[in-house]
Structure formats: C-alpha cells, structure tokens
Amino acid sequence: MKSFLQNLNESLQRLHTASMHALWMVLTTGRKEWAERCEAEEIAYQEALAAVEWQPDQTGKSNRCERRQLEILERERLDSRTSPETRRRISQVWNELNVQFAAYRPTSSGKQLTEQQILRELLHCPDQTYRKQLWQASMGIGQHIAPKLLELVELRNQVARQNGFDNYYVMKLESQELSLDLLDSLFTALRKGLDSSYQSIMAEIDEELAAKWKLPKKDRYPWRYPHPFVQEYYSDEQSSVPVDLQSIQSKLIDYFHNLGFAIAEMLANANLTSQDGKAQTNFCLHIDRAGDIRISCNLDPSVRGIAILLHELGHAVYEQGIDRTLPFLLRQPAQLFLSEAVAALMERLALDPHWLSWLLDTEIVQPDSYRRRWQNNLLVRLYWTMTVVSFERQLYENPGQPLNRLWWDLVEEIQGLSRPLEWDYPYWACKPHLTTLPVYYQNYLLGECAAAQLQDSLNQRYGCWNTREAMQQVQECVFSPGISHTWSDIWQTVCGSTLQSEPIVEQLRK
Ligand SMILES: [Zn+2]
C-alpha cells in the first residue's frame, strides 16, 4: 500500500502540475495553443485517475492517512469514471467554452468593452436607454454558451447516473462531504433571518438610484443598478475613494507578514491587470501544491479592487499554509468553502474604515456609513448567490425545463428584481461558473456563513480576529491539516461547534 500510494502521488502531482500550468497560461493569455495543451493535459490527468486500481484487501492493512488518501482518490475519480469518449467530450467542450469566456469582449456601439469598462459606465452613465444597451451587450455571450453548456449538463448527469447518483449536482455535493439537506436548512435560516433586511436595503438603494438618475422608483430592471446581475452594490461614496494599487502592495506585504504570512513572492508572480485575451474572472491557482501559487485579477483602482485582491490573498495564504509533508492527494484545502471562508474573511478587512484609512493614507469620511454600506453590499451578494445556487441545482435536476423562465422566476423571487420584456433569452448562461466551475457557487454561500462564524469565534477568543495569535490558530487548525481530516472535524476544532448560520444573520440584520 505504501509504495502504491507513493508512486500514485508522484505521478498525479506531475500530471496535475502540467495541467494547472496549462490552465494558468490559457486563462491569462487566451491563446489557442495553450487551450489545446490544457485540454490534452486535463485528459491525461483524468485518464490516470480512471486507470488507478487497487485490491480491496490492501485497504484492510492500511493506516488512517493511507485510508484517507484512498477516500479522496475515490471522490476525485468520480468525474473520470465513465467511458473514454464521454471523458474526452467533456474536456473538449469545457475547454472550448473556457476559451470563449476568456476571449469574449462585449460590443456596444461598435466598441469592444472589458467587464471593468462596463462596470464603470454602469456606475456613472445616467442615460437609461444606453444603460439598457450596455446591459444587453454584457449578456451577449449567453446565446453562444447555452447550447454547449446544456450538452455539458447532460454529459455530467450521465456520469453521475453511471456512478449511482440522481444527478451531477448531488454527486458533486456528496463528494465534497456536503448535502442538499445542509443547503436547504441554510437557505431557510438565511431567508427567515434576512429577507426583511434585504428588502429594506433594496428600497434604500432604489431611492438612492432614483435620486441619482432623476427617475421615478417604479421598476427594478437590472440595468438601473451598477452591476449587470446586481451581484454587488458599491455606492458612489465607496467608489470615489482614491486607490493606488501599486503603492498599497508593500503595505499589504508588511500587514500580512505581521499576521504570520509571506505574500511578497506571490504578489511578485501575480497577474493583476486587465489584458487582451485574459479571463475576466479573478482566481488563485496552486500550480504544483508545492508552493507555486499564482493569483490572477483584473483590478480597478478602487476599494472594490482592494477587496478582490484581499479575497484572492485569502485563498493564497490557505494554500501556502498546508503542511508540505503531506502526500500530494491530501495537500489541498479540506473543503472548497473553507477556502472561500478564509478569502471572505480577508476581504472583510476592506470593510473596516480604520484599516482602510491606514492602508490608503487617507481619511474615510463618515466611517459608520462606510461600514454600513459594506454590510449592504454583503447582503446584496448573498441574495445573488442564493439565486445562482437555486438555479444550478434545478438545472441539473431537470435540464429540459424552460430554463429562461426559471431564471427570471428565481431572480424575481429571491433578488426582487423586475423581469424585462426581453426575458426569454439564456441570461443564466452568461455566468461563467455554471460552465467552468460546476456546482461551486454554494461554496460562496457556505463561505460567507463560515467567515462570519470564524470572525465571531476568533474575536471572542483573541479580542480581535486579525491578530497574529488568532491567525496562528487558523494556520494550525485549518490550513496545516489540508484535507487529511473532514471539514466538519476541522470546523469543530477551530470554532468548537458545527457550521452555524446565526453569526451571519446577526451581522447583516438591520
Ligand atoms: Zn474565492
């Protein structure tokens, strides 16, 4: 068993590293040769996983660490346990769509625009007809993605059924030690605790925008808001804080150093600005699970940009803190949502006006109002997240239903926005996660809940969560073990209880 696992870990690490490096290259350059390479490397990795075999009697004599590696291997193999044709077709379509997303730039009035440019225009432009045009342009990719995304959904469901699951959504949740019941109870608790707060902040936002655009408050069409999906809300006063992203980097290095984290090298290797062909999403990849950690962002010089950078640095310090002596299979976060939780926790630094005025060397006028607006932004994001999570679950449960209608039913019911006349279009397919990171969105929801609970728990124990002692505990209990323990055991060790929804409800309730 020992030598079997040793060889396996070595070969998987080699294949994984090649595949992640190709993925990094395709996402940061959008170049075709890297897309082809990425597809080939991904297939090689999947085939190696599918080909692994071991005798059941070997398992009996193994120790805890070896059994855990086999468990993780079984989980990771689920996606590859299908026919070689299906495996190849999934990789091929996934890659094709990934490149399409990375290279796509919406066109408005003959001009190509980046996501940042669209967001900037939507923040400032008062002309509602032009806003609607921009909004539609930002959704232009949906019709190109939807047919192939549906093919992927069918193929993924086929793989799930071959592995004995009802559908791919259930398979992915169970393979991450999560369940539909956990999601259901979380949804119920969040809606019950926060619906009225959400409605009141949306009313406040509508009033603010009605005054800004000099319009009556009669509808809630999405193009009125500064984000096409209304997945966040930064007010004018937040957006107008001046930020020099270059000069804050050395301060961030010092700050993280004081918390016990070394980020200088990661920032030096990061790719932080928009470029042609580069993917519009922000992400952090641990290329070799041995210290080569890369961050890619499209940062705007604003507090929003700082929040995004802090988020990705959260993922990065988690990856960095995983014990390097663990075997490759166990050298990954215990749960994707724990990594999102750490990212969300770091992002909360930007919520603190005192911290921000230190970072920017500038006074934040009206710090209380600044903090309150950040909380509003978190709430807007939470309701958007619930929309996507609900949609994705129903997408896999019944891909044949009228999905365009389902999308707007959920947007109206959860986010409280208005359905436009032109609703019958695959707007949902514009969200890259459904294609490129399937069954991932629930991790943002669980991550925000976990971040609130971790923050409360560390504040209680250490007086303040962002101290070296508190982070030392997170390093030891959360980062270091990798996935050698289940997420629920790790959570119990660091917070002394199960995952709770009360902290986030308490923090965001108005
Ligand atoms: Zn993240």
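The model shown is predicted, which means the values in this text are computed figures rather than measured ones. (Residues numbered from 1 in each chain as written. Predicted model: local features only at pLDDT ≥ 70, side-chain atom pairs only at ≥ 80, totals over all residues. Heavy atoms only, no water.)

**Student:** Can you tell me about empty space enclosed by the protein, naming the residues and giving the values?
**Tutor:** Enumeration according to the criterion identifies three cavities of 30 Å³ or more in this entry. When residues in the lining of the second largest cavity are grouped by element, the largest group, four residues, is from helix α18 (residues 403–415). Partitioning the lining of the second largest cavity into residue classes produces eleven nonpolar, one polar and no charged. (1 Å grid on protein atoms, 1.4 Å probe; cavity = no way out; pocket = protein on both sides within 12 Å on 5 of 7 lines; lining within 4 Å. Points joined across faces, edges and corners; volume = space filled by probe spheres on them. Helix = DSSP H or I, 4+ residues; strand = E, 2+ residues; numbered from the N terminus. Nonpolar A, V, L, I, M, F, W, Y, C, P; charged D, E, K, R; others polar.)

**Student:** Tell me about the packing of helix α10 (residues 180–213) against α18, and please be specific about residues and values.
**Tutor:** Remark: α10 packs on α18, axes separated minimally by 10 Å, with the N-to-C direction vectors making an angle of 90 degrees. By the angle between their axes, α10 is roughly perpendicular relative to α18. Across from Arg191, Tyr198 and Met202 in α10, the residues of α18 making contact are Glu413, Ile414 and Gln415. Among the residues making up the contact of α10 with α18, the classes are represented as three nonpolar, one polar and two charged. (Axes fitted to C-alpha atoms, helices over the stretch in contact; angles between N-to-C directions. Parallel < 35°, antiparallel > 145°, perpendicular 65-115°, else oblique. Contact = heavy atoms within 4.5 Å.)

**Student:** Hey, could you go over the UniProt feature "domain: Peptidase M3A/M3B catalytic" (unreviewed entry) in the chain for me, with residue numbers and the actual values?
**Tutor:** With numbering matched to this structure, UniProt assigns "domain: Peptidase M3A/M3B catalytic" (unreviewed entry) to residues 122–508. Secondary structure across residues 122–508 comprises 61% helix and 2% strand; the distance between its end C-alpha atoms is 26 Å. (UniProt positions renumbered as here; feature names shortened; annotations may be inferred.)

**Student:** Describe the coordination of the zinc ion, with residues and values.
**Tutor:** Protein ligation of the zinc ion involves His311 (NE2), His315 (NE2), Glu340 (OE) and Glu340 (OE), the donor distances falling in the range 2.1 to 2.7 Å. Relative to the metal, the four donor atoms surrounding the zinc ion lie at angles of 52 to 145 degrees, and the coordination shape comes out irregular. Mapped onto the sequence, the residues coordinating the zinc ion show the spacing H-x3-H-x24-E. Of the two residues, His315 sits in helix α14 (residues 303–321) while Glu340 sits in helix α15 (residues 336–347), which places them 25 residues apart along the sequence. A single burial state applies to His315 and to Glu340, both of which are buried. (Donors = N, O, S within 2.8 Å, 3.2 Å for Na, K, Ca; no water. Tetrahedral: all angles 85-135°; square planar, octahedral: opposite > 155°, others 65-115°. Buried < 20%, exposed > 50% of the residue type's maximum accessible area, 1.4 Å probe, protein only.)

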